[in-house]
Each structure stands twice: as structure tokens, then as C-alpha cells.
Amino acid sequence: MDETLLPILAGNALFQGLTEAQLRFVLPLVTPEEHPAGSAVIRESEPPQRVYLLVDGRVQVRRNLPGEAPGDIAEKGPGDYFGEAAVILGSRQHSFSVVALTPVKVLSLAARDFTSLLTSHPETIRAILSGAVSQLQQLNERWLEILRVERRLLAVKEREHTRELETMNNRVRRELSLAQNIQRNLLPDKHKSFPGISVDTEYIPCEELGGDIMGVFQIDETRLAVYGGDVCGHGIYAAMVMSYVKKLIETSVKRILLNRQYIIKPPGAVLTSINQSFITEISQGDPEIYLTLFLGVLDLEKLTFEYSSAGTHVPPVLFSADTASELFEQSDFPIGHVSGHEYATSHHRFAPGDAFLFVSDGVTEARKDGTMFGMERLLKGAARIQAETGSLDAAHAVELVRGFLGGEPPQDDMCLLSIQFLSRAERGG
């Protein structure tokens, strides 16, 4: 273990905020590498295998667009890092190349070790999120300049300028299409089965990029985490923040070893931590930048449900004995509104045959001819389906909204997540 690498790790932007003890945990995981000028450290379309910390020299981040010469995106120097986005998003391949402009020295970290590091030290997630927001701000400035160029081109009637405008618009459309594909790849599987329950999800996109998130993941042998929420606004910013918030949720709901037993942080404590990180790294006290988030932990054996809600517009719906009701009447403050706020954890117990439905506000606020779909229509329609079929999944709920819209496209993304608790007969007892 080369102790001389500790100052290099401490000076890299990826590990800002880590203590010396935590850096020593990282030290044996990194491998020194050297690359000559002109060589590719990362090749576009290759699978992501390592994350790189730049020690010496400079590199250029490039991306090939169909039918065009390679485009330069950014230049990086000592203290920067690259290759982390594809690993975090679980991409099958890199969307860019990184080429050495000079002879460079790097420290590389295997993808599996980097993923393990994110789980062990969520402080690294916050550093990456901060860097991503900075890159988004630069990207927004670049697009603002593009828009200014477009306005000048629109004022000019010459054919050559019109062609340039069309080329620029096509490039923006390709980038938006790429961002939409990334966002949809982050969505959970449409169907999952766990002991005693069935989980279904549906996602109906509108034309814009959105900030909706939802998912279910297994914490341990008997417990699941259930979450859903919405980053304010639309566009690249909301979609990118959503992807990092999703990863932050999955790394924050972790087990803690206490008295030789694993315990899980209560949902309220997790939202409290996420709220402070969001204010520090993203909103910085701006009340117009916020996140609504619902988080629950379900015990598959006891059918107990611990949950906490931060500004959730549409409470989850419960179905029991052919009766539909809302899980709670009023939600707590959205994430990003009140610094230092502590979120409470509430409790509910399900019974075999019950159902749980979480929907985004794009469902209840769907409109046709000025009329809103609304919560009452959702409750009545879902309760009828539950009574007639004995079950309710997200696909059934989607058909209710589609029937209401009558073929008109949605005005907002619609996310739906359902959990069906099997009856005692279906459970075999």
C-alpha cells in the first residue's frame, strides 16, 4: 500500500469530505496507470469497467455524433475524475471518449469497488452530485448561448444560416433523446414478485423530461424499501437530479450492525439526512428548488409498514376489504424547504388481500376538456377493480386514466406503483 498516494486521493474532487481513515479504506483499491499523449483512456461504446482519478496531465472528453466530426465536451486536469457516470447509472457502455492531450498519470478504481465505495461512504455521492450540478450549470450556459445564436439566425433569411439553425436544433433533439433514454433506463422493472406480494409499476411519459422517481428494492431477506417522488420542474436539470437522488436513496437506506443484529434506519431519519444534503448541495436555500419524496420500509413477514412523507402531493392509496382510503391526510415539508427539519416515521399494518397504490401527481392532475381526473375518481375506480377482480395492479390504474383521457396525450409524466398482498389462500396458509 503506497502511503504517498494519500495526499493525491485527498486532493481529488471525488473524495472531498472523506476523512483520512476513509481514504485509507480507498487506498488499496486504486491502481496507478500511465497513458501516452493521444491515447484513449476511455473509449466510447465500450462497457464501463473503471473510474479514473487524474493525477498529472490533461485529457479531453469527446463524443461522436452520427454523421459529424467528434465533438469536444470538456477538458480535465489534475484533481478531476471521470468515468463515474456510466458506472452509477449501470450503463452498458460509455457515451463519450476520454483522450490524453499530454502524457497523463491516473489512479483507476474497478467499477465493482467504486459501487461498493458508494454504498459504504455516501459522502462520495454528495461530491459527485455537486460536480454534476456544476457540469449542468455549464451545459445550461452553453445552451443559452445556442439559443442566442438561434435568435440571430431566425432574423436572417439566408439559406445558409437556416441550415445552420436546423443542424443546431437536431443536435439539441439528439441530446434530449439521449437524456430521455437514460431516464427511462433508471425506471424499475414493470413486475417483481417477493414472498407474499406482487409489485407492478407503470410509467407513461409526456414529451418533456421529468423528475419523477419511484421504485422498490430489497434491503435484506425480509424487508423492502418503497419510494416515490418528484423533483420540481422538467428538463435536463430535473432528470439529472432525479437520477442522483435515486442513487442517494438506495445508499441511504442501509443496515447498521448493533448488538450483533442488523437494524435499518427509520424512513424519517433517512428523509432528514436527504433533506440536509439536498439543501447543502442542490437548493442552497432556494425555496423554488425542492423535492417531494415518500419512503417506506415493508416487513414481508409481519406485513408492517414504516413510512415517512416529505411534501407528497398525492398520498398513497390503501385497499382493504373492498374499501379504498388514503394512507395519510397531510404530508410533511418537501425536501429542500426547511434546513435542519426532522421527519417523523409513521406505521401501518397490512393484511393478506390488501393492496397499496402510489401514483404521481401527473395521474390525479390529468385533464380533458378542462376537467381533472382527480383523487375521487381514482379511489372509486380502483376500489371497483379491486372488488371485481380481487386484485389491483398499476396497469389497471393506468387504464382508468387512459379511459378518462380518451386518447389525448398526458400533460405530465405519470408514474404508478402497486403492491398486491396475496390472500391467505394464495399464500398457501
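In case you missed it, the structure is sitting above this.
The model shown is predicted, which means the values in this text are computed figures rather than measured ones.

**Q** Any chance you could explain the overall build of the protein here in plain terms?
**A** On a plain count of helices and strands, the protein comes out with twelve helices and 23 strands. In the protein, buried positions account for 48% of the 429 residues. Contacts in the protein between residues far apart in sequence, at least 24 positions, make up 70% of those at least 6 positions apart. Element-wise, carbon and sulfur atoms account for 49% of the exposed surface of the protein, whose accessible area totals about 21000 Å².

**Q** Where do I start with helix 4 (residues 111-120) in this structure?
**A** Side chains of residues three or four places apart in an α-helix project in the same direction, reflecting 3.6 residues per turn. Buried within helix 4 are the following residues: A111, F114, L117 and L118. Buried residues of helix 4, seen end-on, are gathered within an arc of 115 degrees and therefore sit on one face of the element.

**Q** Would you take a moment to explain the sheet that holds strand 17 (residues 317-320) for this structure?
**A** What links the strands of a sheet is backbone hydrogen bonding, and the strands pair in either a parallel or an antiparallel sense. Pairing in this open sheet of six strands is antiparallel, and the strands run 9-10-23-20-17-18 from one edge to the other. The open sheet has two free edges, formed respectively by strand 9 (191-194) and strand 18 (323-326), since each of these has just one partner strand. The sheet shows a mean angle of 15 degrees between the axes of neighbouring strands, taken without regard to direction. Bridging between strand 17 and strand 18 involves four bridges; their strand directions are antiparallel. Paired with S320 across the bridge in strand 18 is T323. Of the strands in this sheet, strand 17, strand 18, strand 20 (355-359) and strand 23 (414-421) are in contact with helix 10 (residues 374-389), which crosses strand 17 at around 30 degrees. Relative to strand 10 (residues 197-204), helix 11 (residues 394-405) is tilted by about 35 degrees, and along the sheet it contacts strand 10, strand 20 and strand 23.

**Q** What is the right way to look at the packing of helix 10 against helix 11 in this model?
**A** Any two packed helices are characterised by how steeply their axes cross, that is the angle between the axes, and by the distance between the axes. Orientation of helix 10 relative to helix 11, taken along the N-to-C sense of each, is 130 degrees, at an axis distance of 10 Å. By the angle class used here, helix 10 and helix 11 are oblique. As helix 10 runs across helix 11, the sense of the crossing is right-handed. Contacts between helix 10 and helix 11 involve R377, L378, G381, A382, R384 and I385 from the former and H396, L400 and F404 from the latter.

**Q** Looking at this structure, I do not really get the sheet that holds strand 6 (residues 81-82). What am I missing?
**A** An order of 1-8-3-6 is seen for the four strands of this open sheet, with the pairing classed as antiparallel. Edge strands, defined here as strands with exactly one partner in the open sheet, are strand 1 (30-35) and strand 6. As defined by bridge partners, strand 3 (residues 50-56) adjoins strand 6 across two bridges and the pair is classed as antiparallel. Across the sheet, residue Y52 finds its bridge partner in strand 6, namely F82.

**Q** Where do I start with the environment of E46 in this structure?
**A** The topology assignment puts E46 in the loop between strand 2 (40-42) and strand 3. By relative accessible area, which is 37% here, E46 ends up partly exposed. When near neighbours in sequence (up to four residues on either side) are disregarded, E46 contacts R92, Q93 and H94.

What counts and how
Residues numbered from 1 in each chain as written. Predicted model: local features only at pLDDT ≥ 70, side-chain atom pairs only at ≥ 80, totals over all residues. Heavy atoms only, no water. Helix = DSSP H or I, 4+ residues; strand = E, 2+ residues; numbered from the N terminus. Buried < 20%, exposed > 50% of the residue type's maximum accessible area, 1.4 Å probe, protein only. Contact = heavy atoms within 4.5 Å. Areas by Shrake-Rupley, 256 points an atom, 1.4 Å probe, with all protein chains shown as cover. Arc of directions from axis to C-beta. Pairing = 2+ DSSP bridges. Axes fitted to C-alpha atoms, helices over the stretch in contact; angles between N-to-C directions. Parallel < 35°, antiparallel > 145°, perpendicular 65-115°, else oblique. Left-handed = near helix turned anticlockwise from the far one by under 90°.

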